[in-house]
2 protein chains.
Amino acid sequence: MTSTGRADRTVTMREVAERAGVSVTTVSHVVNDKAGARIGAEARARVQQAVVDLGYRPNVLAKNLVQGTSAFIGLVADSIATTPFAGQIIRGAQEEAWRHGHVLLVANTEADEAAERDALAMMLEYKVRGILYSTWTHRATQLPPALAETDHVLVNCYAPGTATRAVVPDEVAGGRSATALLLAQGHRRIAFVNTTSPSPAREGRLQGYREAHAEAGVEVDEALVLDASPEQEGGYGAAERILALGATGVFCHNDRVAMGLYDALRERGLRVPRDMAVVGFDNQEVIAGHLRPPLSTVALPHYELGAAGVRVLLGEQRVEPGASLRVACPVIPRDSISAR
Amino acid sequence: MTSTGRADRTVTMREVAERAGVSVTTVSHVVNDKAGARIGAEARARVQQAVVDLGYRPNVLAKNLVQGTSAFIGLVADSIATTPFAGQIIRGAQEEAWRHGHVLLVANTEADEAAERDALAMMLEYKVRGILYSTWTHRATQLPPALAETDHVLVNCYAPGTATRAVVPDEVAGGRSATALLLAQGHRRIAFVNTTSPSPAREGRLQGYREAHAEAGVEVDEALVLDASPEQEGGYGAAERILALGATGVFCHNDRVAMGLYDALRERGLRVPRDMAVVGFDNQEVIAGHLRPPLSTVALPHYELGAAGVRVLLGEQRVEPGASLRVACPVIPRDSISAR
DNA sequence: CTGAAAGCGCTAACAC
DNA sequence: GTGTTAGCGCTTTCAG
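Below, the structure is looked at part by part. Bear in mind the structure is a predicted one, so any value in this text is a computation, not a measurement.

With that out of the way, let us pick up the interface of chain B and chain A. Taken together, the contact pairs 65 residues of chain B with 65 residues of chain A. Note on chain B versus chain A: buried area summed over both sides is about 5800 Å², and carbon and sulfur give 61% of it. Contact with chain A buries area across many residues of chain B, yet B:Arg57, B:Leu61 and B:Tyr126 alone supply 13% of it, more than any other trio. On the surface where chain B and chain A come into contact, there are 6 salt bridges. Counting across the chain B and chain A interface gives 20 residue pairs in polar contact (both at pLDDT 80 or more). For the side of chain B that touches chain A, the secondary structure elements donating two or more residues are α4 (60–67), α5 (85–99), β2 (103–108), α6 (113–125), α9 (232–244), α10 (255–267) and α11 (285–288) of chain B.

Looking now at the protein's contact with DNA strand D. Taken together, 24 residues lie around DNA strand D, and A:Met13, A:Lys34, A:Tyr56, B:Thr25 and B:Gly40 are the ones closest in. Counted by atom, the contact set of DNA strand D within 4 Å of the protein is 73% sugar and phosphate. Within the contact set of DNA strand D, a base oxygen lies 3.2 Å away from a side-chain nitrogen or oxygen of A:Thr25. Take B:Gly40: an N or O atom from its main chain is 2.3 Å from a phosphate oxygen of DNA strand D. Where the surface near DNA strand D is concerned, the elements lending two or more residues are α2 (24–31) and α4 (60–67) of chain A together with α2 (24–31) and α4 of chain B. Tallying contributions element by element places α4(A) first for the surface near DNA strand D, with 4 residues. Taken together, the residues that form the surface near DNA strand D break down as 10 nonpolar, 11 polar and 3 charged.

This part covers unusual backbone geometry. The linkage connecting A:Arg292 with the following residue, A:Pro293, adopts the cis geometry, with an omega of -5 degrees. By the element assignment, A:Pro293 lies in the loop between α11 (285–288) and β10 (297–298). Cis geometry is adopted by the peptide bond preceding B:Pro273, which originates at B:Val272 and carries an omega value of 0 degrees. Assignment of secondary structure puts B:Pro273 in the loop between α10 and β9 (277–279). A positive phi angle, near 45 degrees, is found at B:Glu110, a position not held by glycine. Note that B:Glu110 resides in the loop between β2 and α6. With phi around 60 degrees, B:Ala111 is a residue other than glycine that occupies positive phi space. Within the secondary structure, B:Ala111 is located in the loop between β2 and α6. Judged by relative accessible area, B:Ala111 falls into the exposed class, the value being 60%.

Let us look at helix α6 (residues 113–125) of chain A. Residues and elements named next belong to chain A. Here α6 contains 13 residues, and its C-alpha end-to-end distance of 18 Å stays within 8% of the 18 Å for a straight helix at 1.5 Å per residue. Among the residues of α6, those classed as buried are Ala 115, Glu 116, Ala 119, Leu 120, Ala 121, Met 122, Met 123 and Leu 124. Sitting at the amino-terminal end of α6 is Asp 112, which places a side-chain oxygen 3.4 Å from the backbone nitrogen of Ala 114. Trailing α6 by a residue or two, Lys 127 shows a phi angle of about 55 degrees, which is positive.

Attention now moves to the relation of the copies chain B and chain A. When chain B is fitted to chain A, the best match, at an RMSD of 0.2 Å, comes from turning it 180 degrees and sliding it 0.0 Å along the axis. When the rotation and shift are considered jointly, the pair of chain copies conforms to a two-fold rotation axis. Identified as the residue of chain B closest to the rotation axis by C-alpha distance is B:Pro84, at 2.1 Å. Taken as a fraction of all interface residues of chain B, those also at the interface in chain A reach 100%, which identifies the copy contact as same-surface.

The next subject is the packing of aromatic side chains. A full pass over the atoms with the stated rule returns 13 aromatic pairs over all chains. Measuring from centroid to centroid gives 5.2 Å for A:Phe72 and B:Tyr126, while their planes differ by 45 degrees, and the two rings are tilted. Placement of the pair is A:Phe72 in strand β1 (residues 72–77) and B:Tyr126 in the loop between α6 and β3 (130–140), with the two residues belonging to separate chains. Per residue, the accessibility class of A:Phe72 equals that of B:Tyr126, and both read buried. Seen from their ring centres, B:Phe192 and B:Tyr209 are 5.3 Å apart, and the 25 degrees between their planes marks the pair as stacked. Highlighted residues: B:Phe192 in strand β6 (residues 190–195) and B:Tyr209 in helix α8 (residues 200–216), separated in sequence by 17 residues. Of the residues examined, B:Phe192 reaches a relative accessible area of 0% and is grouped as buried. The class for B:Tyr209 is buried, based on a relative accessible area of 0%. By the ring-pair criterion, three or more aromatic residues cluster together here, those being A:Phe72, A:Tyr126, B:Phe72 and B:Tyr126.

Cut-offs applied
- Residues numbered from 1 in each chain as written.
- Chains lettered and ligands numbered in written order.
- Predicted model: local features only at pLDDT ≥ 70, side-chain atom pairs only at ≥ 80, totals over all residues.
- Heavy atoms only, no water.
- Contact = heavy atoms within 4.5 Å.
- Buried area = accessible area lost by both parts, 1.4 Å probe.
- Salt bridge = Lys/Arg side-chain N within 4 Å of Asp/Glu carboxyl O.
- Polar contact = N/O pair within 3.5 Å; in protein donor to acceptor, adjacent residues only side chain to side chain.
- Helix = DSSP H or I, 4+ residues; strand = E, 2+ residues; numbered from the N terminus.
- Near = heavy atom within 4 Å.
- Nonpolar A, V, L, I, M, F, W, Y, C, P; charged D, E, K, R; others polar.
- Buried < 20%, exposed > 50% of the residue type's maximum accessible area, 1.4 Å probe, protein only.
- Expected span 1.5 Å × (residues − 1).
- Least-squares fit on C-alpha atoms with pLDDT ≥ 70 in both.
- Phe/Tyr/Trp six-rings, centres within 6.5 Å; stacked < 30°, edge-to-face > 60°.

Structure follows, in structure tokens:
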């Protein structure tokens, strides 16, 4: 009657014990490969056979209960929609959690306060090991009080003036890399189309832009720094000004802005990179990899943010209370900066 | 000493009972708002006060154990990366699960068999109520054996020749809608840039294209049906052929193809929609909403797929064994089909 | 080497 | 109205 059981009625350890003719203790020992447990080869084999025959699956919930620890890590995200970004954070967190034998409980709040309260309550009731509180876009945030009831770390956001640990992208270094890409090609008049909305990305990338110039010994003409809405429309609309400034290269606040800029340039019969070198930010796959020519950009490390968040939470990676771990933004060079 | 407790050491029901001077049963009754339980107003108040004072959070794991039911629903996804699509399925499933008092356990397998086995094992050990098995792109799939150990439904995929229930997008109706959009504007020579990869999307949308023509009493010139790789590059490359065919409107297999086509048209000095009306598919926000002009398209109902999957799993929505629930693909009209 | 027994935090009869 | 009691499936001393 050896068949991989379909657990209509869930098989318990006691049943395995009975079938193997041993006690539950013995079953527990062999199932968990207990270190200091000396089980006879014969008994062990019988147990293993019974496990297979019955299609036994341990009940983690019961195990957690008796051990007083759960292997849950909660991830609350303010948005999962719109872009692949949140998905990457989830993926990074999930895979890293797994690697450490933990399981991710995901809750999406769409920035709704009630949903957030419910989500946290739920996680606390599941006795999570800790909570990752993440936002879709890098920003400062207020901490919901319930977070204090368990260990937590912020992902892609930070709480100024608190002792909370955070994991965020290194915007400054990213801005520096993006600008350096252009500088390295010999560009000296590099426009920067920054976003209009105040954010760490806005400040950080601008600072990076300045630092890169300083490192290269190039003076920044502040007139080259523009603001535009951080979408295709913004980039499209900025083209005129960029051209008027005599820039030969442009660092765009994000890939969508670059996409809009591409359109505007094309309409004027200008070619990238021959007439204008362009660098984006975000590495939004659907866009950056498929523009003509493919867009050089700097990637936002969402996967890494999620993964690092888990490591910090589990104490695998140390971050001082109140400090932020800055994760590097890798450069993705493509064809928009040098003719081939 | 009324303070919202920070649960360093987790507070149990027994402690609440002691503080309130009642038995655990009473606490259980008031905490769960038990229907047939007559608890004195006085005792109830004392319990509620104790709950607050101690910062008590029920332990769902223990509750699940005794009740023999868990509130977990597993969602295994083959990919969470690349696009926002998987994210939307997750979001739909998560929110619908919540609405029914359930919690989503997410596992990402990146199409890796071992990861998939582990994911299923994990979910089974957590005694999930059922599993949603989803793929990133609509397709036929093989069922991993472990799935048979619990209730399950397929999301965005299907298993031909099995009794498994599935929830998939209605590609045919979607293709029909997209084509009808063009037909309604008076277009009679409508090119269809289909994908080169065999898939339900390829067959379904083509059938929809034909059906729409039939309904409008327009003969289909088969020469108007082209194949191209389902990305920007494919659309860009198809422009020449489309123009040669004398089409006045194009239905693109997806938004990315449409984006590539836009580029090619612009390079030739042609305008959308004046010189060519364009309709996409997928409603990939980052693209469709921000092309110039914004692209009319048909949305893939990923959120709904996830939500419907949960409903089917929980028996809220009936689907015959072996059958597929087809979810409508809503039309998203924008400016790419008629001059304003 | 193996088993008996206690108990994790909670619910659900069933007494009182 | 409220308390007692017996488990849920499992781990873990502690005996044998």
